[in-house]
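Notes for the structure review
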Amino acid sequence: MAESNMRWGFPRLRRAATSFPGNLHLVLVLRPTGLLSSTPSPSSSTDLGFRFSQDDFLLKMPVVMLRSVGDLLRYIDENHLASDFTAKVEYCQSDWVLLRSSIETFAVTVKEIAQQLQGFGSELSETELPDEANAIEFLLHSHTHRYRQMKDEIRGVLKEGRLLLTNLETVKAAKRDVEEEREIQSDMETVKRLLAQLRDMEEAFDGFFEKHHLKLQQYLQLLHYETSFQQMDEVLERLSAQEKEIASVGTTVVQTEQLLKDLESLNKRAQEEMTRAQVVILHGHQLAANHHYALALIVQRCNELRHHCDVISTAINTKRASLTRTRDLLRRLEEALRWCDEGAYLLASQMVDKFQTKEGAQEALQYLGSHQERAPSVLKNSQDTLSLEFEAVLTPQLQSQISMVKEKLSSVQCMIRNREQCLKKLADLQVRPIQLVAPRPEPDQTLLRCKSPLFSPKHGVDFNVLNSKFSFDLLPGKRAARRNNSPRKIEVMHDYQGNRSCLYGPNPETDSEAEDNPEQVTRHIMKELIATERVYVDELLSVLLGYRAEMEDPSMSYLLPSALRCQKDVLFGNMPEIYQFHSRIFLQDLQGCLETPERVGACFLRRKDKFQVYERYCQNKPCSELLWRQCSDSPFFQECQKKLDHKLGLDSYLLKPIQRLTKYQLLLKELLKHCVEAQYRCELQEALDSMLELLKSVNDSMHQIAITGYPDHFSLRYCLGFQGDISQLGRIILQGSFSVWISHKRAAVRMKELARFKPMQRHLFLYEHALLFCKRRDEDSHDSFYSFKSCLRMSTVAITETVKGDVKKFEICYSGREVVYIVQAPTVEVKVAWLNEIQKILANPQKLRQDEASSLPLSDNLLSDR
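Below is a short write-up of the structure. Please read these numbers as outputs of a predicted model, since none were measured by experiment.

1. Observations concerning a nonpolar patch on the surface
On the surface, a cluster of nonpolar side chains totalling about 230 Å² of accessible area is made up of Val-807, Val-828 and Val-832. Under the relative-accessibility criterion, Val-832 is labelled partly exposed at 40%.

2. A few points about the packing of aromatic side chains
According to the stated counting rule, one finds 19 aromatic pairs in the structure shown. Ring centres of Phe-586 and Phe-611 lie 5.2 Å apart, and the angle between their planes is 85°; this geometry places the pair in the edge-to-face category. With Phe-586 in helix H17 (residues 575-591) and Phe-611 in the loop between helix H18 (600-606) and helix H19 (613-631), this pair connects stretches of sequence that are 25 residues apart. Taken individually, Phe-586 and Phe-611 each receive the classification buried, so the pair is uniform in this respect. Taken together, a centroid distance of 4.9 Å and an interplanar angle of 65° make the contact between Trp-628 and Phe-637 edge-to-face. A residue is classified by how much of its surface remains accessible, and Phe-637, at 3% relative accessible area, is buried. Feature note: the residues Phe-581, Phe-586, Phe-604, Phe-611, Tyr-614 and Tyr-664 constitute an aromatic cluster, connected by ring pairs.

3. Topic: the side chain of His-582
Following the sequence through the fold, His-582 ends up in helix H17. Looking at His-582, its side chain comes within polar contact range of the side chain of Glu-533, at 2.5 Å.

4. So, the side chain of Glu-420
In this structure, Glu-420 sits in helix H11 (residues 396-427). Contact partners of Glu-420, with chain neighbours within four places excluded, come to Leu-365, Leu-368 and Gln-372.

5. Describing the nonpolar core
By size, the foremost hydrophobic cluster in this structure holds 63 residues, and its most contacted members are Leu-571, Val-600, Phe-604, Phe-611, Phe-637 and Leu-650. If you tally residues by element for this core, the top one is helix H15 (residues 518-548), at 11 residues. If sequence neighbours within four positions are ignored, Leu-650 has contacts with Val-543, Tyr-547, Leu-571, Phe-572, Trp-628 and Phe-637. Membership of the second largest hydrophobic core comes to 26 residues, among which are Leu-239, Met-274, Leu-287 and Leu-305.

6. What about helix H20 (residues 635-644)?
All of the buried residues in H20 are Phe-636, Phe-637 and Cys-640. An end-on view of H20 places all buried positions within 95° of arc, on one side of the element. In this structure, H20 carries Gln-638 and Lys-642 as exposed residues pointing more than 90 degrees from its buried face. Where H20 is buried, its residues touch H15, helix H16 (568-572), H19 and helix H21 (650-654). Following H20 by one or two positions, Asp-645 has its phi on the positive side, about 60°.

7. Concerning the packing of H15 against H17
For any two helices packed against each other, the geometry comes down to the angle between their axes and how far apart the axes lie. Axis separation between H15 and H17 bottoms out at 10 Å; the angle between their running directions is 155°. As far as their axial angle goes, H17 and H15 are roughly antiparallel. Considering only the axes of H15 and H17, their crossing is left-handed. For the pair H15 and H17, the contacting residues are Met-526, Leu-529, Ile-530, Glu-533, Arg-534, Tyr-536, Val-537, Leu-540, Leu-541, Val-543, Leu-544 and Arg-548 in the first and Met-575, Pro-576, Ile-578, Tyr-579, His-582, Ser-583, Phe-586, Leu-587, Leu-590 and Gln-591 in the second.

8. So, the pattern of salt bridges
With the rule as written, the count across this model stands at 26 salt bridges. When the shortest N-O distance is used, the salt bridge between Lys-319 and Glu-243 registers 3.0 Å. With Lys-319 in helix H8 (residues 295-349) and Glu-243 in helix H6 (residues 178-245), this pair connects stretches of sequence that are 76 residues apart. By relative accessible area, Glu-243 is classed as buried at 8%. Across the pair Arg-332 and Asp-328 runs a salt bridge whose closest N-O atoms are separated by 3.6 Å. Here Arg-332 and its partner Asp-328 are both found in helix H8, four residues apart, which amounts to about one turn of the helix. Taking the relative accessible area as the measure of exposure, Arg-332 reaches 15% and is therefore buried. Overall, the relative accessible area of 25% leaves Asp-328 in the partly exposed class. The network of salt bridges with common partners includes Lys-151, Glu-202 and Asp-206.

9. Details of the pairing of strand E9 (residues 809-814)
Counted residue by residue, E9 has six buried out of six residues, so it is predominantly covered. Burial along E9 is two-sided: Lys-809, Glu-811 and Cys-813 and Phe-810, Ile-812 and Tyr-814, pointing in opposite directions, are all buried. In this sheet, E9 lies alongside strand E8 (residues 797-800) in antiparallel orientation, the contact comprising four bridges. Directly across from Thr-800, in E9, lies its bridge partner Glu-811.

Thresholds, definitions, all that
Residues numbered from 1 in each chain as written. Predicted model: local features only at pLDDT ≥ 70, side-chain atom pairs only at ≥ 80, totals over all residues. Heavy atoms only, no water. Patch = residues over 30% accessible without salt bridge, like charges linked within 9 Å, V, L, I, M, F, W, Y side chains within 5 Å. Areas by Shrake-Rupley, 256 points an atom, 1.4 Å probe, with all protein chains shown as cover. Salt bridge = Lys/Arg side-chain N within 4 Å of Asp/Glu carboxyl O. Buried < 20%, exposed > 50% of the residue type's maximum accessible area, 1.4 Å probe, protein only. Phe/Tyr/Trp six-rings, centres within 6.5 Å; stacked < 30°, edge-to-face > 60°. Helix = DSSP H or I, 4+ residues; strand = E, 2+ residues; numbered from the N terminus. Polar contact = N/O pair within 3.5 Å; in protein donor to acceptor, adjacent residues only side chain to side chain. Contact = heavy atoms within 4.5 Å. Core = buried A, V, L, I, M, F, W, Y, C linked by side-chain atoms within 4.5 Å. Arc of directions from axis to C-beta. Axes fitted to C-alpha atoms, helices over the stretch in contact; angles between N-to-C directions. Parallel < 35°, antiparallel > 145°, perpendicular 65-115°, else oblique. Left-handed = near helix turned anticlockwise from the far one by under 90°. Pairing = 2+ DSSP bridges.

So, in structure tokens, the structure goes:
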């Protein structure tokens, strides 16, 4: 209802109409009692709106002027009017207007906040990013400041809305009428909706500004990184230009040494700058790891810097090698010239009158002979040989110097020979009788190899190496039959019954302490394990750097025999992979168990799969040893050993991985012996079993690769590997040597076999799908291998566990007892182990069906003595 002051009533009606929840259809105006002017009748009062301004007329609704409350009651029921109109409803118009105004003001404020947020967001989206870091920092500061202001305003409006909601709840609590409570509840829902909208806008704006702020920060980081990259790239370009200014070949020794000094000085500066470049690359990697939006560009810059550094390093190393070779050549030439000058001076200084006597002539000959013994190495090589040796650094000027020196050497040698002929005539020397000298016998290679310990002497571990090759049998306690007339064996015997002295030293006091304090003993064992692990890692690194890396050094290429070129992967196998595993992973694991040695079993179990690298290394060992035997006398290895100051040759260090593998199970046994907690004993036992299983797997595979004669199978002893049908036999389960008799149903063959009272020695290989019979052969070249004889499908095999007369014998029946093999094991334990594994295979019908489906080679002349 409008106020009694008509001058101000209609503008307020218009404002109320804009926020009223429904549509206004009629306005009732009650005339004040003190109004003197006449009031038009109700019938004509609908045109009253024409008397007001055009703005007031915009209400577009009928307005009725009323003279009294009685007229008002004709339109509105008295139960719906306030007490001001003598009605029954208690109503305070000022409170209602104030409440409605507060709600309207809050709604308008929320709308303004929304418009400000939208405007600020549009401004942020349309802002162009400058190319200067200072401008970006200013933008970050200004945007952050405005963002905080907006947040303060939003918090203020939220506070105002919560206060308004509290007031509405208070008013609602004071109301008694249901209709009024419904109206207040509607207003409260409106305020709650506005508060929810405000919170949603705030949350959306926070997310938007956070992304925008992150983009500006990453853009600023990219600008800084690009600046660092440009500066670093310019520095590397200058270094590259300076490197190109240094000549790669000198003309004199002094000049070449000066060039080397300049190159070393440049390399020192280059290392410093490349260290800075690594910092820039690391910064780029950090940006990439933080999901920078310019990831591709940053990675490209990092790769460019890394490539530039590699190019500079390679160029400096190549130039250093070239200058070193040139200096070597020039020193040889200078040595030759010095020898020529000394020879010419010697010839000129000899007094002719002293030659007339025999003693004088002999003395002069001795001087000339001593001078000839000091002849430079250039005299021993022809000019073509020298040119070929230094072909990589030869220039026309150096070639002319070589020719000049050769001519001078020839001239001086000619003069010395002429002088010697004259002196011999004067001395009338008689030809001395030739003395026969017995050549010094070469040391026994087997003894030399046996002299090399499996472990370095400083480790204090004593193993017996009984062959010149290496061990196929790595398992503890294993002994293989050997012939007395065979100079070598496939197996190497190890004394694994290992007393404690191999770990702690023969100290009886330590033994007594071990019994009293197991914790101290286990800690001592752990220290031993970590110490030997560090030594092992250092030895692997010395071999990789001192031998393997030197094979790629251009300055050492002249010493490298042709058979070794491009063969480093054959000679060293996967030793780099073993070094990476131990230096980066396993050594850290062991060091973490220093205070808790009982937890080392978990380390071995956690890295169980990583130890498979040893199997590949051992499988490559025959190829490596064959290559070593061909090139062991090379000056290259002697020079590398001299640089490393190694007392043992490379072959001893190539055995280190195999030796280390056998060492672990010894230490695990000692730890298990002194561990008292059941949980850790279980882990240590599992770790020991896994290492023993690995040793067995390696041992079996080493025997397998020595098989030759299998169809489509080439022995690894010729370093060719095999990719033939032997892979179809499945996983190797057991292998070992046995005495074998054979019996056929066919009469002729049976009589022939019955005549054989002496058993045949055969090496058996049990696979998942087949049983292989092989014959071991030893060659004069100290190579041992297994000659393939026959192959039995497991699907056609049956076994008899006992044979009368010998508890170590059992029968293998083939094809329904068509052929019966009587096999005698070396021990009852070996027999039981083989019978158990064969029974497991025969009890698995799925594997037998796979066996039947496969095509395995069979031999009719089984187990011949060839």
